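A closer look at the structure
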Amino acid sequence: MDPFVDTLQRLREAFVSGRTRPAEFRAAQLKGLSRFLQENKQLLQEALAQDLHKSAFEAELSEISISQNEINLALRNLRAWMKDEKVSKNLATQLDSAFIRKEPFGLVLILSPWNYPLNLSLGPLVGALAAGNCVVLKPSEISKSTEKVLAEVLPRYLDQSCFAVVLGGPQETGRLLEHKFDYIFFTGNPQVGKIIMTAAAKHLTPITLELGGKNPCYVDDNCDPQTVANRVAFFRCFNAGQTCVAPDYVLCSPEMQARLVPALQSAITRFYGDDPQSSPNLGRIISQKHFQRLRGLLSFGRVVIGGQSDESDLYIAPTVLVDVQETDPVMQEEIFGPILPIVNVRSLGQAIDFINRREKPLALYAFSNSSQVVKRVLAQTSSGGFCGNDGFMHLTLASLPFGGVGSSGMGNYHGKFSFDTFSHHRACLLRPPGLEKIYTIRYPPHTPRNLRV
Ligand code: NAD
């Protein structure tokens with residue numbers, strides 16, 4: 001017995017009925033999302049603390065406010081985004097009306113991960129609902145407390161004939177993916193991304209893949225080590241390092257490394273105290289499996305900061321590794337934890353070659369007092385996003401598209417980009433029914449006179 005058939009049929013029927021198309025309906029769903037956030041703030045904070053030991057500050061900043069901002073922006077701009085977009089015309093279509101209509105795809109599937117389990121569910125959901133789709137949301141089964149709130153509370157705030165949350169891990173998701181969707185939006189691991197893309201290909205379903213990878217962080221000799229250390233340590237340790245856009249490793253000269261390591265130590269102590277395990281501001285690793293994986297990575301290179309771990313608490317200390325080789329496992333896989341390897345390069349050119357030898361990252365960071373250096377890194381590399389002289393601040397701008405390139409993903413969202421992602425851009429030409437005389441010139445039999453036009 002397929003557990004999804006009834007739900008999917010209900011949503012399909014709702015979409016075909018046309019009820020999700022009017023702006024009023026879409027706005028009502030967005031307002032429902034907003035009320036869900038406002039009325040359940042404490043419940044959500046508790047769930048995020050249970051799942052990831054997320055502090056109230058991090059929960060507010062990176063899960064609740066960021067989702068609320070997306071909702072507010074969509075509500076403010078909904079009618080403008082929905083408007084037909086007039087386009088320029090050629091000689092043969094001068095008397096016609098030509099425009100792009102943004103129409104909903106239909107039934108959309110959103111698959112979300114555990115690291116920002118609220119924001120990475122609601123962010124795409126805002127775009128999908130604003131664009132007038134029916135939506136199935138499948139949150140991560142690993143962030144269990146947030147999954148429970150999304151499954152039990154969120155649907156009460158939305159029209160349940162058009163929206164459903166389904167639960168499950170890889171096996172259930174595999175069965176869900178046997179069904180045809182009109183669009184799939186996936187956030188997660190690149191390996192799982194391949195499974196999703198293969199399943200989507202069977203139905204020729206268009207997809208967005210928001211994936212991960214190793215985000216390089218180049219630190220030039222010409223910069224203030226303490227400023228760089230504050231920023232790198234903060235963004236590396238945010239959410240205990242479990243952020244797809246976190247700086248994954250540092251590339252710098254041995255001279256800069258000698259100045260950076262004490263500065264990183266000072267930043268980490270200031271942020272989390274002498275015993276980071278007792279700090280309320282440092283998150284925990286999501287699961288035993290990821291804890292074991294991360295502890296394994298601590299044995300590569302030489303630990304110069306941190307290195308402690310406690311399995312009973314899923315705690316990994318903010319850690320810096322030096323003498324790391326390019327071939328070490330810690331330099332092969334996305335770290336996704338509070339561990340920062342430093343790899344030495346002799347020049348900017350060598351750093352750029354190092355970055356370009358690897359898969360295109362989701363984000364790339366360059367620190368330098370020289371804007372020429374930052375601009376050269378930007379010009380000679382490729383990545384989903386880029387930020388000069390800071391961590392992942394670029395993603396806080398809804399005016400910038402957020403997404404990967406190459407193995408870090410395809411497609412993008414945030415702000416209007418989300419609305420466009422979840423809309424089919426339909427090419428429309430409306431021609432007046434008359435004026436046939438003008439158009440007879442294109443019909444056969446063709447004569448030299450036709451060709452002169
Ligand atoms: P994941 O790929 O394991 O899981 C994501 C979703 O896919 C979950 O809902 C999960 O249930 C489902 N899933 C897992 N295995 C599956 C399978 N075999 N078949 C079908 N569905 C399956 O990812 P995760 O561990 O939850 O998240 C971490 C990864 O996500 C990291 O690689 C990180 O970089 C990436 N990420 C990317 C972004 C982004 O915006 N680009 C944001 C957050 C996380």
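Residues numbered from 1 in each chain as written. Predicted model: local features only at pLDDT ≥ 70, side-chain atom pairs only at ≥ 80, totals over all residues. Heavy atoms only, no water.

The helix and strand inventory of the chain stands at 16 helices and 18 strands. Its C-alpha atoms give the chain a radius of gyration of 25 Å, within 12% of the compact-globule value 22 Å for 453 residues. Overall, the chain is about 85 × 55 × 40 Å in size when its C-alpha atoms are taken along their principal axes. For the chain, the residues scored as buried account for 54% of the 453 residues in total. When contacts within the chain are restricted to residue pairs at least 6 apart in sequence, long-range pairs at least 24 apart make up 71% of them. When the accessible surface of the chain is split by element, carbon and sulfur atoms take 55% of a total near 20,200 Å². (Helix = DSSP H or I, 4+ residues; strand = E, 2+ residues; numbered from the N terminus. Rg over C-alpha atoms; globule rule 2.2 N^0.38 Å. Buried < 20%, exposed > 50% of the residue type's maximum accessible area, 1.4 Å probe, protein only. Contact = heavy atoms within 4.5 Å. Areas by Shrake-Rupley, 256 points an atom, 1.4 Å probe, with all protein chains shown as cover.)

Turning our eyes to something else, we now look at the nonpolar core. In summary, soluble globular proteins display a tendency toward joint burial of nonpolar side chains. L33, F36, L125, L154 and V219 are the most contacted members of the largest nonpolar core, which has 79 residues in total. Both domains that meet at this core, namely domain 1 (4-212 + 412-424) and domain 2 (216-403), each give it at least three residues. I316, L321, V377 and F386 belong to the second-largest nonpolar core, a separate cluster that totals 30 residues. (Core = buried A, V, L, I, M, F, W, Y, C linked by side-chain atoms within 4.5 Å. Domains from an automatic or database assignment.)

Taken together, the side chains of L95, L435 and I438 make up a nonpolar region of the molecular surface, amounting to roughly 270 Å² of accessible area. Mapped onto the elements, L435 comes out in the loop between β18 (423-430) and α15 (436-439). Take L435: its relative accessible area is 43%, and that puts it in the partly exposed class. (Patch = residues over 30% accessible without salt bridge, like charges linked within 9 Å, V, L, I, M, F, W, Y side chains within 5 Å. Salt bridge = Lys/Arg side-chain N within 4 Å of Asp/Glu carboxyl O.)

Here the UniProt feature "active site" (unreviewed entry) sits at E210 and C244. The greatest C-alpha distance among the annotated residues, which extend across 35 residues, is 9.2 Å, indicating that they converge on a single site. Of note, E210 is situated in strand β7 (residues 207-210). Classification of E210 by relative accessible area gives buried; the value is 2%. Beyond its immediate stretch of four places on either side in the chain, E210 contacts F185, F186, T187, G188, F402, G403, G404, S408, G411, N412 and Y413. Excluding residues within four positions of it along the chain, C244 makes contact with N115, L211, N215, E334, F336, L362 and F402. (UniProt positions renumbered as here; feature names shortened; annotations may be inferred.)

On the basis of which strands lie adjacent, the open sheet formed by 7 strands has the order β10-β13-β14-β9-β8-β15-β16 and mixed pairing. The outermost strands of the open sheet, each flanked by one partner alone, are β10 (302-305) and β16 (385-388). Each neighbouring strand pair of the sheet contributes to a mean axis angle of 25°, computed without reference to strand direction. In the sheet, strand β9 (residues 249-252) pairs with strand β14 (residues 339-344) via 3 bridges, with the strands oriented parallel. The residue bridging V250 from the neighbouring strand is I342, located in β14. (Pairing = 2+ DSSP bridges. Axes fitted to C-alpha atoms, helices over the stretch in contact; angles between N-to-C directions.)

Turning our eyes to something else, we now look at the packing of aromatic side chains. Two descriptors summarise a pair of aromatic rings, namely the distance from one centre to the other and the angle between the planes of the rings. Applying the stated criterion across every chain, the model contains 14 aromatic pairs. With 6.0 Å between their ring centres and 80° between their planes, F238 and F392 make a pair best called edge-to-face. Within this pair, whereas F238 is found in the loop between α9 (225-237) and β9, its partner F392 is found in the loop between β16 and β17 (409-410), the two being separated by 154 residues in sequence. F238 sits in the buried class, given a relative accessible area of 4%. Judged by centre distance (6.2 Å) and plane angle (65°), the rings of F402 and Y413 are edge-to-face. Of this pair, F402 sits in the loop between β16 and β17 while Y413 sits in the loop between β17 and α14 (415-421), and the two are 11 residues apart along the sequence. The two residues F402 and Y413 agree in class, both being buried. (Phe/Tyr/Trp six-rings, centres within 6.5 Å; stacked < 30°, edge-to-face > 60°.)

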